[in-house]
Amino acid sequence: MRTRLAAVASGLAAFVIASPAFAQKQGGTLRISHRDNPPSASIHEEATISVIQPFMAVFNNLVVFDPKEKINSPDKIVPDLAESWSWNPDQTKLTFKLRSGVKWHDGKPFTAKDVKCTWDALSGKADEKSDLIRKNPRKVWYNNLKEVTVGSDTEVTFTLGRPQPSFLSMLAAGYSPVYACHAQGRDMRSKPIGTGPFKVADFKRNESIKLVRNPDYWKKGLPYLDAIDWKIVPNRSTRMLGFVAGEFDMTFDSDVTFPLLKDIKAQKADAVCEPRPSNVNQNILINPESPPFDKPEVRRALVLSIDQKPFNDILFQGNALSGAAMLPPPAGFWGMPKEMLQTLPGFASDVEKSRAEARKIMEGLGYSKDKPLKVKVSTRNIAIYRDPAVILIDQLKHVYIEAELDPIDTTVWYTKVQRKDYQLGMNLTGLGVDDPDTAFYENFYSTSDRNYTSYKNPEIDKLIDQQSAEPDREKRKKIVWEIEKKLAEDGARPVIVHNVAATCWTPQLKGVVLQHNSIYNGWRFEDMWLDR
Amino acid sequence: MGAYLTRRFLLMVLTLFGMSVLIFVMLRLVPGNVADILVDSAGIADPKEKAKIIAELGLDRPIFDQYLQWIGGLFRGDLGFAYVSERPAIEEIAPRIPISAKLAGLALFFSVILGVPLGVISAVRQNTGLDYFLRVLSLSGLSLPSFWLGLLILMASVQWFGMIPIYTNEPRSFIDEVLLLSIPAAAVGFRSSALIMRLTRSSMLEVLRQDYIRTARSKGASQTSVNYEHALRNALLPVVTIIGIEAAFLVGGLIVTETVFNIPGVARFLVEAILWRDYPIVQNLVMLIAFIVVTVNFLVDMAYMALDPRIKFAD
Amino acid sequence: MAIINHEAELARAGANVSSTGGQILFLARRYPLGAVGALIVLLFIFTAAFANFIAPMDPTTTNAKFSLAKPGSMYWLGADFMGRDMFSRIVYGARISLAVGAGATLLGGVLGVTIGLMSGYLGGWFDLATQRVMDIMQSLPLLVMALVMAASLGPSLENTIFAIAIPLVPSVARVVRSSTLSLREQPFVEAARAVGMGEVRIAVRHVLPNTLAPLIVLATAQLGSAILTEASLSFLGLGIPEPYPSWGRMLSESAAEYVRTAPWLVIFPGVAISLTVFGTNLLGDALRDILDPRQRT
């Protein structure tokens, strides 16, 4: 009798140790609504939350932003597949010690070779036959990566061309999963394998994504959920109705706009809703090659005409954030302080005064109320792009610019932008990591593919390189702010607002930690559990 | 008769062949191809990557070759590969057909049990208040956009029942599934029921005016039995026709209704595939729809010939 | 000519046929539903024609303060998410609906009449070929055909009209062709030929007017279905793009998001579409009764 009791007790103890937080319940299926069909399941090939949010749970990174922290910060990066890491003295070699005994979903072991394969493909060094990825939207992240070398099965080293403190932050992003060397691109796009807490059971296009618990997950006892069911519901009102009616446990990330939030709270009082910045900003693309926007003073007049408040009031009920190229503090880690922001063109509190100045510039160039400048504002033909464009057109009237909306079929938007086949464009820019390297290299560096306005400024290029290599955090912030200020003064993608939107879930869903400076991180789902 | 059948059949094949050429060419006139869309989701259009994708999908080959490959495949039962999901197109299309078929069947069922009796009543009570009411009702059925009706139903059901009749992937039982599908089916069926009602009414009226009904009446058959037995039986032929044709044309109504109610059927899939420029899916779906329409037309003609001896098909 | 040749019949029925007004009054009394339909259609055309006088506000001006404003004294039918006046947008939307509806019906009609006349009149291989093309076009439901057309042309007002007009062509062509076939052998056509009238002139002067009755009936029905098709296309995101306040577009995307807080965004545009199409249908029914007695309902 006594021995049996002891056995039970030790069994219990073992259980307690195995799952540290005793309260968590195992099991259950989490049901989430998805806003559209993910273009594919391959995170490395895409640049949209539609792919990251459902599929991040299939993978692991080398390192990851601490999922328990709301703010992604370079100081809060924790091990994932790497147990530890170290820099060499001159900060150009980053060596990871990898976990052993980790298996891919197909049972094959994970080794350092997989890491090399992944980053060789991403930095364009893979041999011609490699089929791991066919698109590479974040190539610029790895411009400074010279080589990845395998030390042993559990050791891998990244060699950089020069010191780059942000490199680790990039590896910690949701956009940086480790792929399997033996995987085929086609499979990664349709039914990928990873090492993560959930396996892909089924990905039915336009219909659903079903993930099931990976019983062999290397973190013992995790995940708690048995399965995650994503249902693709393209119509937002149907998604909201579904959440209110209890068909879904959680909304899609940032799917709940402020007018809808009020509605959801009224309908479903117990819903937990958390508004947060999505690190997506609305900005204007000004084509500097299209006259009269080749004249800096016209660009300046345009920037001066903008009143951010109506954008914010209409689209976000006043909850959006005012900021320049980087997400502003406190949510943002790098953005410039408020006092500095107000000195930038387009950010002044007295809009009438700015507009008067803008009108003077326009009058000087021969435009007037009766002889306005006629332009077209191109934008993607979907609501989140079109709505701000309509407001912009309304505001441009104040400075003798008569604009017409030119809605571009969403399929040819980037192609058209890249051809510079537009005058003005309303654009949304999302940042995968709240980090100056990703923001500046992707969008403003003269050689980047995603520098949609072909903004070329050797001085800015130099400053971008300079901040990237700067080890001292405070000194680096100063350079970042200087870049932000110069970009604003040059009218390089003037930022209107930084979006804020809410995500809601049922109170039965526990362990949700939304990350406040990037919607693209923190979706591993391994710590979430259902209390029912 | 045999010659007529052969001729009709050949025409059918010719029509389908023409459709295949038409859709193939039209799709390739569309601004932007699937490669544009695939690179778009990455936020950039690296020309090298794009060229690679285009080559991979065979879009750089002469259009005639592409067409031959598609048609050749069709005869072997191979529908090609879907561009976006990179799975055989048949695997994408086939599982979505039953849902749409069920929805269409249910919608047709609704429209018949609603349309035929109301049409008969309306004809028998011609020019009474009831007739006027039913005629206005049926006209409203033809006037309400079915997606609007669907939106109103969704609004009402959340307002009053706190639930939403959207389709879940695994209905627990057959009854469950029928219940879930019946609301969208009603939204689609409303329009067809209006059509069926109007046609039933007018063909009933025509029959009621004819001589043999007068004869039956003069022979002392009761008014009711004349209305329902003689007239209805004879009026039903054109009604059967329109039901057949409606069945094929329901696809149009399904497109918007499946979108509103989020039903993962083949009609909504067609719209998505068009937006994604997924040619293999669009081509094959369009051919499927054309095939259904053409076949139904053919069958309806055959039925006419079998049922109505007055109709002769000369050549 | 067939349409106006009702005077005798009207007189027999007791109408005052000496004035057009009297005829209209009589017809209105005889076909009350048709009269209602005609009124609705007139109201629709009037609204579209004088939209800039009727609408109290600019349909594109946004106003943050009145985002999702309830219907009231300032915004009669409420305001949308962007604070734009719904009433003004619906009024201007009539213009779009009329432009697309009438444009598509007209374009489809002209093409259909031309093809039908030539096909029926010329016969032979031309007839055979066009009939096969019509077969092909009719092997897809209207909306599917319009959808594919709209997608291949890209979203714009003109393209939407075109995309809806083309699928309308076959039914017009068929109607015109069959009446042409029967008219071709009529004595008055033979007579015209005998006096040396040219074939084209015969077709236009003698054959075409006699096909007008069924054509008008068909066109009224097509006007309604063109308006509905435009609404469906715009709802699916393949129709009229945003600067134009299209009724169907108003019902899609952002409007539908606020069904709960702002039901007027869903109700009023839907009412506008339904009412307009309802009017054309009522009118179409009455016209068929008047013009085409063989098909009396």
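These remarks concern the structure in this document. (Residues numbered from 1 in each chain as written. Chains lettered and ligands numbered in written order. Predicted model: local features only at pLDDT ≥ 70, side-chain atom pairs only at ≥ 80, totals over all residues. Heavy atoms only, no water.)

## Observations regarding the interface of chain A and chain C
Turning to step 1, where the next piece is worked out: At the junction of the two partners, chain A supplies 23 residues and chain C supplies 22 residues.
Turning to step 2, where the next piece is worked out: Carbon and sulfur atoms supply 60% of the area that chain A and chain C bury against each other, a total of about 2,100 Å² over both sides.
Turning to step 3, where the next piece is worked out: Considering only the side of chain A, the residues that lose the most area to chain C are A:I314, A:R386 and A:V390, jointly responsible for 23% of the buried surface there.
Turning to step 4, where the next piece is worked out: Joining chain A to chain C, the criterion identifies zero salt bridges.
Turning to step 5, where the next piece is worked out: Where chain A meets chain C, there are zero residue pairs in polar contact (both at pLDDT 80 or more).
Turning to step 6, where the next piece is worked out: Secondary-structure elements contributing two or more residues to the side of chain A that touches chain C are α6 (236–244), α7 (258–267), α9 (308–316), α12 (383–396) and β13 (401–408) of chain A. (Contact = heavy atoms within 4.5 Å. Buried area = accessible area lost by both parts, 1.4 Å probe. Salt bridge = Lys/Arg side-chain N within 4 Å of Asp/Glu carboxyl O. Polar contact = N/O pair within 3.5 Å; in protein donor to acceptor, adjacent residues only side chain to side chain. Helix = DSSP H or I, 4+ residues; strand = E, 2+ residues; numbered from the N terminus.)

## Side note on the nonpolar core
Turning to step 1, where the next piece is worked out: Core analysis: the largest hydrophobic core is formed by 185 residues, its most contacted members being A:I264, B:I255, B:L270 and C:L147.
Turning to step 2, where the next piece is worked out: Ranked by the residues each element gives to this core, the list is headed by helix α13 (residues 279–307) of chain B, at 13 residues.
Turning to step 3, where the next piece is worked out: Excluding anything up to four places from it in sequence, B:L270 contacts B:I255, B:V282, B:L285, B:V286, B:I289, C:V144 and C:L147. (Core = buried A, V, L, I, M, F, W, Y, C linked by side-chain atoms within 4.5 Å. Buried < 20%, exposed > 50% of the residue type's maximum accessible area, 1.4 Å probe, protein only.)

## A word on helix α3 (residues 32–49) of chain C
All names here are of chain C.
Turning to step 1, where the next piece is worked out: Here α3 contains 18 residues, and its C-alpha end-to-end distance of 26 Å stays within 8% of the 26 Å for a straight helix at 1.5 Å per residue.
Turning to step 2, where the next piece is worked out: Taken residue by residue, α3 has G34, G37, I40, V41, F44, T47 and A48 as its buried positions. Looking down the long axis of α3, one finds its buried residues gathered within 150° of arc, a one-sided arrangement. The exposed residues of α3 that point more than 90 degrees off its buried face are L39, L42 and L43. (Expected span 1.5 Å × (residues − 1). Arc of directions from axis to C-beta.)

## Observations concerning the sheet that holds strand β5 (residues 93–98) of chain A
All names here are of chain A.
Turning to step 1, where the next piece is worked out: Taken in spatial order, the four strands make up an open sheet running β4-β5-β7-β6, and their pairing is antiparallel. Of all strands in the sheet, those bounded by a partner on one side alone are β4 (82–87) and β6 (145–152). Each adjacent strand pair in this sheet contributes to an overall mean axis angle of 20°, direction not counted.
Turning to step 2, where the next piece is worked out: Both β5 and strand β7 (residues 155–160) contribute to a ladder of five bridges, which runs antiparallel. What sits directly across from F96, in β7, is V156.
Turning to step 3, where the next piece is worked out: Of the strands in this sheet, β5, β6 and β7 are in contact with helix α3 (residues 112–122), which crosses β6 at around 170°. (Pairing = 2+ DSSP bridges. Axes fitted to C-alpha atoms, helices over the stretch in contact; angles between N-to-C directions.)

## Remarks on the packing of helix α6 (residues 124–137) of chain C against helix α8 (residues 157–184) of chain C
The packing of two helices is summarised by the inter-axis angle and the distance between the axes.
Residues and elements named next belong to chain C.
Turning to step 1, where the next piece is worked out: Two numbers describe how α6 lies on α8: the axes approach to 9 Å, and their chain directions differ by 135°. Looking at the two axes, α6 sits oblique to α8. Handedness of the α6/α8 crossing: left-handed. The segment α6 lies against α8, with D127, Q131, M134, D135 and M137 engaging I166, V169, P170, A173, R174 and R177.
Turning to step 2, where the next piece is worked out: Residue classes in the contact of α6 with α8 are distributed as six nonpolar, one polar and four charged. (Parallel < 35°, antiparallel > 145°, perpendicular 65-115°, else oblique. Left-handed = near helix turned anticlockwise from the far one by under 90°. Nonpolar A, V, L, I, M, F, W, Y, C, P; charged D, E, K, R; others polar.)

## With respect to the interface of chain C and chain B
Turning to step 1, where the next piece is worked out: Across the boundary between the two partners, chain C contributes 44 residues, which contact 50 residues of chain B.
Turning to step 2, where the next piece is worked out: Of the roughly 3,900 Å² buried between chain C and chain B on both sides combined, carbon and sulfur atoms contribute 77%.
Turning to step 3, where the next piece is worked out: Put simply, B:R198 and C:D285 hold a salt bridge, and the shortest N to O gap is 2.8 Å.
Turning to step 4, where the next piece is worked out: Put simply, chain C and chain B have four residue pairs in polar contact (both at pLDDT 80 or more) between them.
Turning to step 5, where the next piece is worked out: For the side of chain C that touches chain B, the elements supplying multiple residues, two or more each, are α3, α6, α7 (142–153), α11 (212–235) and α14 (264–291) of chain C.

## Digging into the packing of aromatic side chains
Turning to step 1, where the next piece is worked out: Summed over all chains, the structure comprises 30 aromatic pairs over all chains.
Turning to step 2, where the next piece is worked out: With centroids separated by 4.9 Å and ring planes inclined at 50°, the aromatic side chains of C:W76 and C:F87 adopt a geometry described as tilted. Residue C:W76 is found in the loop between α4 (51–54) and α5 (86–122), and its partner C:F87 is found in helix α5; the two are separated by 11 residues along the sequence.
Turning to step 3, where the next piece is worked out: What makes C:W76 partly exposed here is its relative accessible area of 46%.
Turning to step 4, where the next piece is worked out: On the accessibility criterion, C:F87 (18% relative accessible area) is buried.
Turning to step 5, where the next piece is worked out: By way of ring pairs, the aromatic residues A:F96, A:W119, A:W141, A:Y142, A:F158, A:F167, A:Y175 and A:Y520 are connected into one cluster.
Turning to step 6, where the next piece is worked out: A:K477 extends its terminal NZ or CZ atom over the ring of A:F333, reaching a point 5.0 Å from the ring centre.
Turning to step 7, where the next piece is worked out: The residue whose ring lies beneath B:R96 is B:F269, and the NZ or CZ to ring-centre distance is 3.9 Å. (Phe/Tyr/Trp six-rings, centres within 6.5 Å; stacked < 30°, edge-to-face > 60°. Lys NZ or Arg CZ within 6 Å of the ring centre and 35° of its normal.)

## Points about the packing of helix α7 (residues 129–143) of chain B against helix α9 (residues 174–209) of chain B
Residue and element names in this part refer to chain B.
Turning to step 1, where the next piece is worked out: One can describe the packing of α7 onto α9 by two numbers: an axis separation of 7 Å at closest approach and a directional angle of 140°. Here α9 runs oblique to α7, going by the angle between their axes. When you trace α7 past α9, the crossing you get is left-handed. For the pair α7 and α9, contact is made by D131, L134, R135, L137, S138, L139, S140, G141 and L142 and by F190, R191, A194, L195, M197, R198 and R201, respectively.
Turning to step 2, where the next piece is worked out: Residues that form the contact of α7 with α9 fall into these classes: eight nonpolar, three polar and five charged.

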